[in-house]
Amino acid sequence: MNIVVCVKQVPDTATERKLRSDDKTLDRDAADGVVNELDEYAVEEALRLKEAHGGEVTVLTMGPAKATETIRKALAMGADKAVHLSDDALHGSDALSTSYAMAQALKKIGFDLVILGSESTDARTGVLAAMLAERLGAPQLTLARKVEVNGSAITIERLTDYGFDKVEATLPAVVSVVEKINDPRYPSFKGIMAAKKKPVETLGIADASVDASAVGLAAAYSEVAEFAAAPPRAAGTVVKDEGDGGVKAADFLASKKFI
Amino acid sequence: MSEILVLVEHVDGEVKKVTLELLTLARTLGEPSAVWAGPGYSETAKAKLAEYGADKVYVAGSDEIVDYVVAPKAELLARLVADKSPAAVLVAATSEGKEIAGRLAVKTDSGVITDAVGLGEGFVADQSIFGGGINVRSRVTKGTPIVAVRPNSTAPVAAAGAGAEEQVEVTPSDAARAAKIVERVKEEKGARPELTEAAIVVSGGRGVGSADNFAIIEKLADSLGAAVGASRAATDANWYPHQFQVGQTGKTVSPQLYIAAGISGAIQHRAGMQTSKTIIVINKDPEAPIFEIADFGVVGDLFQVVPQLTEEIEKRK
């Protein structure tokens, strides 16, 4: 099975994240870049499926040169090779352009299964997997908390508000996985060393047959009109519990007409 | 005034609160048309939609629309966008709502904005990003604006609309039938409101200490008719099911009232609840960062304070 796992480098959620004042895009230099946490579950699931069914795991990332660090981490976990879609023309691409460029790259790579994390911790749009399924004409098997492959049949448990839906489809398919589907492995020393020798192919937009006029900030379908640091919340009242903390909290709730 | 499509969220034939919020919001910007996808439509549902301002109600009541993952709903909306040329399409910013919005954006070659917490003239959307640290105003610049609006972004206000019903016959394409839902499994969650929709959320964290102890969080929640949430520390420890996790990698909630008990307030958690209107914190550590965003905080043992609060609420009912 030919599995492509899409990963994204995002600013570390533990550091202060900013937008650039010039073009209002993410300031990638302001914070350390790390692998999007939810993508680690996608990499782990890809590796488990390969271990069970054979095949190959290719990492695909789109991002600036710095995103190579993210590729290395996925390779160190055990992925076989990587494709890095990187081109200055891609800077500022929104979800629509990103899904277009990624879909073009996926068509070039070829796949039986594409696996993504359910969302990125920076933009948090949660739309990419659905957009890829739409563009690739492949079944959308998103928000999976369990994935089972049997020959060309694939079944997932899709997380819903009330529990889950059992969903069936035929490969090739696009899967997104939710947190907790598995416990992502830590790269071993051997894995980290091996990753250095694994092939990483860099694709520019022309290599992936991506139309330059359809990507980047100028091609975006939406714009940030303005942004500002959120005003700090007005300081609240904090009391020390002296045996009546619950009563005081109830008084506060009553003053706000919650009770 | 121009037509605005609002995709109806419904469960067991009942219109969900977020749809009433979206209709209320749409009324300030144009004439809302509700779009009902799937079975369960009734006169009662129509009346509810009209009560909150739906001028039209498009009904595509076939089972097939909900038998496959997301794609048929996006096809239905794409067809209505083509036929009716609406000024905008609003969906609820649930996981599925955002997926529908994403596919619709590709189909109609239109821009999409997700997780709006407000929407004003020219469909300029307010968003709160990076864990609530930055407020952004953005707008769609191409095609028909598609906006996924977070539940609790506005209070639903009734104002009658005509509620003119129009049946829409749609058959999902072969491509839209590629991912078939073969079984729906309802996991027990009792009578509590849904986490992302709830007006009040009571969450427990590391300080709760065990799965059994979550009973005191649930009791407080039930006294207020609230949903129960949990921090990542609590779901990682398997004290509470993962689907109730509030935070960066879990659900984002924006209720009228959020009560955090035994939660320190790491960015991971704040990212999921910072836009709550009123925040109450109960924590024994006065240095816990969550106190920085509290409207009212109690420094104390949650095992004393929470049951006392529950008892007081019951007493004052």
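Thresholds applied
Residues numbered from 1 in each chain as written. Chains lettered and ligands numbered in written order. Predicted model: local features only at pLDDT ≥ 70, side-chain atom pairs only at ≥ 80, totals over all residues. Helix = DSSP H or I, 4+ residues; strand = E, 2+ residues; numbered from the N terminus. Rg over C-alpha atoms; globule rule 2.2 N^0.38 Å. Buried ≥ 20, exposed ≤ 12 C-beta atoms within 10 Å, placed from the backbone. Contact = placed C-beta atoms within 7 Å. Pairing = 2+ DSSP bridges. Axes fitted to C-alpha atoms, helices over the stretch in contact; angles between N-to-C directions. Core = buried A, V, L, I, M, F, W, Y, C linked by C-beta atoms within 7 Å. Nonpolar A, V, L, I, M, F, W, Y, C, P; charged D, E, K, R; others polar. pLDDT = per-residue confidence, 0-100. Parallel < 35°, antiparallel > 145°, perpendicular 65-115°, else oblique. Left-handed = near helix turned anticlockwise from the far one by under 90°.

1. Quick word on the overall build of chain B
Link 1 in the chain: Counting secondary structure elements, chain B contains nine helices and 18 strands.
Link 2 in the chain: The C-alpha radius of gyration computed for chain B amounts to 21 Å, which stays within 12% of the reference 20 Å derived for 317 residues, consistent with globular compactness.
Link 3 in the chain: Classification of the 317 residues of chain B by burial places 59% in the buried group.
Link 4 in the chain: Summarising the internal contacts of chain B: among those between residues at least 6 apart in sequence, 68% fall at separations of at least 24.

2. Looking at the sheet that holds strand β11 (residues 200-203) of chain A
Link 1 in the chain: Spatially, the ten strands line up as an open sheet ordered β11(A)-β5(A)-β4(A)-β1(A)-β6(A)-β10(A)-β7(A)-β8(A)-β9(A)-β13(B), and their pairing is mixed. The open sheet has two edge strands with one neighbour each: β11 of chain A together with β13 (180-186) of chain B. Between one strand axis and the next, the sheet turns through 30° on average, direction left out of account.
Link 2 in the chain: Across four bridges, strand β5 (residues 81-85) of chain A lies against β11 of chain A in parallel orientation. Note that in β11 of chain A the partner of His84 of chain A across the bridge is Thr202 of chain A.

3. Details of helix α4 (residues 128-136) of chain A
Link 1 in the chain: The element α4 of chain A is extensively covered by neighbouring structure, given that seven of its nine residues are classed as buried.
Link 2 in the chain: The set of residues buried in α4 of chain A consists of Leu128, Ala129, Ala130, Met131, Leu132, Ala133 and Glu134 of chain A.
Link 3 in the chain: Close packing links the buried residues of α4 of chain A with α3 (95-109), β6 (113-117), β7 (140-150) and β10 (173-177) of chain A together with α5 (95-108) of chain B.
Link 4 in the chain: Phi turns positive, to about 60°, at Gly137 of chain A, one or two residues after α4 of chain A.

4. Structural notes on the nonpolar core
Link 1 in the chain: Membership of the largest hydrophobic core comes to 136 residues, with the highest contact counts inside it found for Val5 of chain A together with Val35 and Leu90 of chain B.
Link 2 in the chain: Once you skip the residues sitting within four places of it in the chain, Leu90 of chain B turns out to touch Ile4, Leu5, Val6, Leu22, Leu25, Ala26, Val147 and Val149 of chain B.
Link 3 in the chain: Ranked by size, the runner-up nonpolar core spans 48 residues in total, among them Ala230, Ala288, Ile293 and Leu309 of chain B.

5. Things to note about helix α2 (residues 68-77) of chain A
Residues and elements named next belong to chain A.
Link 1 in the chain: Of all the ten residues making up α2, seven are buried; the element is thus mostly covered by neighbouring parts of the structure.
Link 2 in the chain: Three or more residues of α2 are buried, namely Thr70, Ile71, Lys73, Ala74, Leu75, Ala76 and Met77.
Link 3 in the chain: After α2 finishes, the residue Gly78 shows a positive phi value of roughly 140°.

6. Side note on the pairing of strand β9 (residues 124-129) of chain B
Looking along a regular strand, one sees the side chains alternate between the two faces of the sheet.
Residue and element names in this part refer to chain B.
Link 1 in the chain: Where strand β8 (residues 118-120) lies against β9, three bridges are found, and the strand directions are antiparallel. Directly across from Gly118, in β9, lies its bridge partner Asp126.
Link 2 in the chain: Counted along the chain from β8 to the antiparallel partner β9, the turn is three residues long, and its residue Gly122 has a positive phi close to 75°.
Link 3 in the chain: The pairing of β9 with strand β10 (residues 134-140) spans five bridges and is antiparallel. Its bridge partner being in β10, Asp126 is matched across the sheet by Arg137.
Link 4 in the chain: In this antiparallel pair of consecutive strands, β9 and β10, the connection spans four residues, and Phe130 shows a positive phi of 50°.

7. Quick notes on the interface of chain A and chain B
Link 1 in the chain: Across the boundary between the two partners, chain A contributes 66 residues, which contact 72 residues of chain B.
Link 2 in the chain: Counted by class, the side of chain A that touches chain B contains 33 nonpolar, 14 polar and 19 charged residues.
Link 3 in the chain: Inspection of the sheet shows strand β13 (residues 237-240) of chain A paired to strand β18 (residues 296-299) of chain B by four bridges, in the parallel sense. Residue pairing across strands places Val238 of chain A opposite Gly297 of chain B, the latter belonging to β18 of chain B.

8. Re the environment of Glu194 of chain B
Link 1 in the chain: Examined against the element boundaries, Glu194 of chain B turns out to sit in the loop between β13 and β14 (200-204).
Link 2 in the chain: Looking at Glu194 of chain B, the number of C-beta atoms within 10 Å reads 18, which means it is partly exposed.
Link 3 in the chain: Along the backbone, Glu194 of chain B and Asp83 of chain B are 111 residues apart, and their C-alpha atoms lie at a distance of 34 Å.
Link 4 in the chain: Excluding residues within four positions of it along the chain, Glu194 of chain B makes contact with Asp161 of chain A together with Ala227 of chain B.

9. What to know about the sheet that holds strand β5 (residues 56-60) of chain B
Residue and element names in this part refer to chain B.
Link 1 in the chain: In space, the seven strands of this open sheet follow the order β7-β11-β6-β1-β4-β5-β12, with parallel pairing throughout. One side of each edge strand has no neighbouring strand; the edge strands of this open sheet are β7 (112-116) and β12 (164-167). Between one strand axis and the next, the sheet turns through 20° on average, direction left out of account.
Link 2 in the chain: Here strand β1 (residues 3-7) runs beside strand β6 (residues 88-92); their pairing, made up of three bridges, is parallel. Within β6, the position partnered with Leu5 by the bridge is Val89.

10. Section: the environment of Tyr221 of chain A
Link 1 in the chain: Within the secondary structure layout, Tyr221 of chain A lies in the loop between β11 and β12 (222-229).
Link 2 in the chain: In this structure the C-alpha to C-alpha distance between Tyr221 of chain A and Leu96 of chain A, which are 125 residues apart in sequence, comes to 7.4 Å.
Link 3 in the chain: Dropping the residues within four chain positions of it, Tyr221 of chain A is found in contact with Asp94 and Leu96 of chain A together with Ser110, Gly111, Val140, Thr141, Lys142 and Gly143 of chain B.

11. Section: the environment of Gly54 of chain A
Residues and elements named next belong to chain A.
Link 1 in the chain: Topologically, Gly54 is positioned in the loop between α1 (37-53) and β4 (56-62).
Link 2 in the chain: Look at Gly54 and you get exposed, because 8 C-beta atoms sit within 10 Å.
Link 3 in the chain: Along the primary structure Gly54 and Ser86 are separated by 32 residues, whereas in three dimensions their C-alpha atoms are 29 Å apart.

12. Observations regarding the confidence of the model for chain B
Link 1 in the chain: In this model, chain B carries a mean pLDDT of 95, and residues with pLDDT of at least 70 account for 99%.
Link 2 in the chain: In the predicted assembly, ipTM is 0.94 and pTM is 0.93.

13. Points about the packing of α3 of chain A against α4 of chain A
All names here are of chain A.
Link 1 in the chain: For the pair α3 and α4, the least separation of the axes is 9 Å and the interaxial angle reads 55°. The orientation of α3 with respect to α4, classified from their angle, is oblique. Handedness of the α3/α4 crossing: right-handed. Residues Ala95, Leu96, Thr98, Ser99, Tyr100, Met102, Ala103 and Leu106 of α3 lie in contact with α4, whose contacting residues are Leu128, Met131, Leu132, Arg135 and Leu136.
Link 2 in the chain: When its residues are assigned to classes, the contact of α3 with α4 shows ten nonpolar, two polar and one charged.

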